[in-house]
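Coordinate analysis (summary)
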Amino acid sequence: HHAAKPSLTMATIEDDATTLASKFQPSESSLEKLSIVKETLLRPRGASIGVEYEPAAASSKSSGDISILSMQLRKVKAAAIWTKDVDTLECFVKEQSSAMGDFPGPVPVIYWGVPDA
């Protein structure tokens with residue numbers, strides 16, 4: 001004598017799927033974040049702004065000030081940071097590399113000075 005096996009019908013599968021789906025509804029917080037992402041993706045894209053930084057004088061450079069400037073340029077989504085000064089380049093690269101894996105991510109830092117002979 002064999003025990004009767006429950007039969008799977010389309011109605012049973014749909015009921016199970018509905019029950020399962022009701023358990024995994026997105027939270028209000030998740031929906032809010034999703035709407036922010038959607039809104040951001042739908043924003044029209046305009047001009048990209050790159051920033052050239054040239055220190056006024058060698059004595060006026062402060063790595064702390066450059067780090068703050070670098071962070072602020074990332075927050076305003078600058079397209080790139082350009083500099084001719086090697087010391088400044090080092091400060092920008094160090095600060096921007098700290099944003100790897102974050103949002104917004106690092107801004108490209110471009111050296112365009114003439115190499116020392």
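Here goes a summary of the coordinates provided. (Residues numbered from 1 in each chain as written. Predicted model: local features only at pLDDT ≥ 70, side-chain atom pairs only at ≥ 80, totals over all residues. Heavy atoms only, no water.)

Look at helix H3 (residues 63-75): 18 Å from first C-alpha to last across 13 residues, which is about the 18 Å you get at 1.5 Å a residue. Following H3 by one or two positions, Lys77 has its phi on the positive side, about 65°. (Helix = DSSP H or I, 4+ residues; strand = E, 2+ residues; numbered from the N terminus. Expected span 1.5 Å × (residues − 1).)

It is worth spelling out the pairing of strand S2 (residues 80-83) at this point. As paired strands, strand S1 (residues 50-53) and S2 are joined by four bridges and run parallel to one another. Residue Tyr53 lies in a different strand from S2, and its bridge partner there is Thr83. When S2 meets strand S3 (residues 109-111), the two strands line up parallel, connected through three bridges. Paired with Thr83 across the bridge in S3 is Tyr111. The handedness of the S2 to S3 crossover, carried by helix H4 (residues 86-97), is right-handed. (Pairing = 2+ DSSP bridges. Right-handed = clockwise from strand over helix to strand, strands pointing away.)

Time to look at the pattern of salt bridges. In total, this model carries one salt bridge according to the counting rule given. Residue Arg74 is joined to Glu95 by a salt bridge in which the shortest nitrogen-to-oxygen separation is 2.8 Å. Highlighted residues: Arg74 in helix H3 and Glu95 in helix H4, separated in sequence by 21 residues. Glu95 matches Arg74 in its accessibility class, with the two residues each being buried. (Salt bridge = Lys/Arg side-chain N within 4 Å of Asp/Glu carboxyl O. Buried < 20%, exposed > 50% of the residue type's maximum accessible area, 1.4 Å probe, protein only.)

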